[in-house]
Every structure is written in structure tokens, then in C-alpha cells.
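# Summary of the model geometry
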Amino acid sequence: MLKIALPKGRIAKETLNAFSQIFGGSFEFEDRKLKLVKDDFEFLMVRNQDIDTYVMGGAADLGVVGLDVLEEHGSDVLRLLDLDLGHCKVCVGTIGGEQIDYNKTSELRVATSLDNITQKYFSAKAVPVKIIHLYGSVELAPLVNLADCIVDIVETGDTMRQNGLAPCEEIMKSSAYLIANKLSFVSKKAEILEIYSKLEALIKAGK
């Protein structure tokens, strides 16, 4: 039996819909349940930021998780397939989308929950930064002068706009990836490659 960790929300629904299409039948979690067992699959409903931890730890053979999470965590997993869903961007945001004048400050204050992506991006630009780690509501930080800018995930941009901010620089594009535990890929290679092939064919058919 393959164990597959899915993030809560829209991506989980889209992934389960994909499994319904390629294997037939209905794949749906019962209300508030975190496990779904059907045929030769066991799906686990997991917080998005924890998906790679479940896969790396062997609690799940496969997982579906955003590229931004993989880059932030430096996850030691196999990245098998871009599922072409859950599209978003990681962007630098400022009040009004104003461009950052890197010559005006000796250290840029950046509010974010994506510490590693942020550090790597600004280090590549040779810009010293003070990272202010926040777990949520990062848009508030520039408005109360806690930070000069933010680094955050942007889907529609509505949250930034509603708070007077806008993206000024794009760091990376992200989408959901099918990932595998390295040992599982060896011990369950045939089953995993079957999933891979069917999902890949489904993605190509939809383009």
C-alpha cells in the first residue's frame, strides 16, 4: 500500500480528483478525517509545511507539496513531477509596490516566514538583510515600520493590494510537485512509477 501525504485545501481536492480520473471511483476524505484508505492507497491530510517532513521520515511514500516549501526547507526528497497545479509566486512586496533603493540602506529589514528563500535571494544580490520572522500577517509589518518590505507567497495579490502593498520583485514561481521518499522509491519503485506515468499522462492530456 502506498501512503501519500496531501496538503489541506484546494491542492488536495485537485490531487484526489486526478486519482479519481486515473484509477476510477471516488477519492474523498470524510468530514474532518485525516486519513483516507481506498484500494491500494492511504492518503494523509497534512499541513502544507509538514508534507516533506512526513515523506523524509518515511511516514509517507509520496507527497504533494509546493516547490516553495521544498526550496525553503532544502528537503532531501526526490522531486518526481511538476503537477501543474497550485501555481503561485514568491515575491518581494513594498508599500505601493515602490522599487527598493538598495543604495539608501546598509541593512534591509524584511518580514517573512520564508527565511531561507529570502536570505538566499538577497545574498545573491549582495544585499545585507535583517530577517524578521513572522508566522502570519506579514503585510502589516511595513505599515507599522517594523520592516522595509516583505517576502511572501502571492497567488492573486489581493491580500497585498487590500493592505496597500504590491509586489515589486519576483523571487520564484512555484507549483505543486509530486515527491517521493528515497527508500520508498527503491522498495516500491514499480508502484510509484505507475502513479508517476499516469499523472504525467493526465497532465499532458490537459494541456
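Above this note sits the structure.
Described in the following lines is the structure provided in the data block.

Procedures and definitions
- Residues numbered from 1 in each chain as written.
- Predicted model: local features only at pLDDT ≥ 70, side-chain atom pairs only at ≥ 80, totals over all residues.
- Heavy atoms only, no water.
- Helix = DSSP H or I, 4+ residues; strand = E, 2+ residues; numbered from the N terminus.
- Buried < 20%, exposed > 50% of the residue type's maximum accessible area, 1.4 Å probe, protein only.
- Contact = heavy atoms within 4.5 Å.
- Areas by Shrake-Rupley, 256 points an atom, 1.4 Å probe, with all protein chains shown as cover.
- Lys, Arg positive; Asp, Glu negative; His and termini not counted.
- Charge placed at Lys NZ, Arg CZ, Asp CG, Glu CD.
- Pairing = 2+ DSSP bridges.
- Axes fitted to C-alpha atoms, helices over the stretch in contact; angles between N-to-C directions.
- Expected span 1.5 Å × (residues − 1).
- Arc of directions from axis to C-beta.
- Disulfide = S-S within 2.5 Å.
- Parallel < 35°, antiparallel > 145°, perpendicular 65-115°, else oblique.
- Phe/Tyr/Trp six-rings, centres within 6.5 Å; stacked < 30°, edge-to-face > 60°.

With that out of the way, let us pick up the overall build of the protein chain. Counting its secondary structure elements, the protein chain contains eight helices and 11 strands. The C-alpha extent of the protein chain, read off along each of the three principal axes, is 60 × 35 × 30 Å. Counting over 207 residues, the protein chain shows a buried share of 46%. Of the contacts made within the protein chain by residues no fewer than 6 positions apart, 67% connect residues no fewer than 24 positions apart. Taken as a whole, the protein chain presents about 11,000 Å² of accessible surface, with 49% of it coming from carbon and sulfur. Taking the average location of the 24 positive side-chain charges in the protein chain and that of its 30 negative ones, the two points are 1 Å from each other.

Overall, mixed pairing links the six strands, which are arranged E2-E3-E1-E4-E11-E5 in an open sheet. For this open sheet the edge positions go to strand E2 (35-38) and strand E5 (78-82), each flanked by a neighbour on one side alone. Neighbour to neighbour, the strand axes of the sheet diverge by 25° on average, direction disregarded. In this sheet, strand E4 (residues 62-66) lies alongside strand E1 (residues 2-7) in parallel orientation, the contact comprising two bridges. Within E4, the residue paired with Ala5 across the bridge is Gly63. Against the sheet, helix H1 (residues 10-23) makes contact with E1, E2, strand E3 (41-46), E4 and strand E11 (176-180), and its axis sits at roughly 140° relative to E1, the strand it touches most. The sheet contacts of helix H8 (residues 189-205) involve E1, E3, E4, E5 and E11, and relative to E5 the element is tilted by about 30°.

Attention now moves to H8. With 17 residues, H8 extends 24 Å between its outermost C-alpha atoms, agreeing within 8% with the 24 Å of an ideal straight helix rising 1.5 Å per residue. Ile192, Ile195, Leu199 and Ile203 are the residues of H8 that are buried. Seen from one end, H8 has its buried residues packed into an arc of 65°, which puts them on one side. Opposite the buried face of H8, by more than 90 degrees, sit the exposed residues Ala190, Lys204 and Ala205.

What follows is about the state of the cysteines. Two cysteines joined by a covalent bond between their sulfur atoms form a disulfide. Scanning the entire structure with this criterion turns up zero disulfides. Cysteine Cys91 remains unbridged, with the sulfur of Cys168 as its closest cysteine sulfur at 8.6 Å. Its relative accessible area of 4% is what places Cys91 among the buried residues. Among the cysteines around Cys168, which has no disulfide bond, Cys149 carries the closest sulfur, lying 6.7 Å off.

Quick look at the packing of H1 against H8 now. The contact between H1 and H8 brings their axes to 10 Å, and the two run at 100°. Accordingly, the angle class assigned to the pair H1 and H8 is roughly perpendicular. Each of Ala18, Phe19, Gln21, Ile22 and Phe23 in H1 lies in contact with H8, whose residues at this interface are Glu194, Ile195, Lys198, Leu199 and Leu202.

We now examine the packing of aromatic side chains. Per the stated rule, a full pass over the model turns up 10 aromatic pairs. Relative to Phe41, the ring of Phe19 has its centre 5.5 Å away and its plane inclined at 80°; by these criteria the two rings are edge-to-face. Taken together, the residues span a long stretch of sequence, with Phe19 in helix H1 and Phe41 in strand E3 at a distance of 22 residues. Here Phe19 matches Phe41 in class, with each residue buried.

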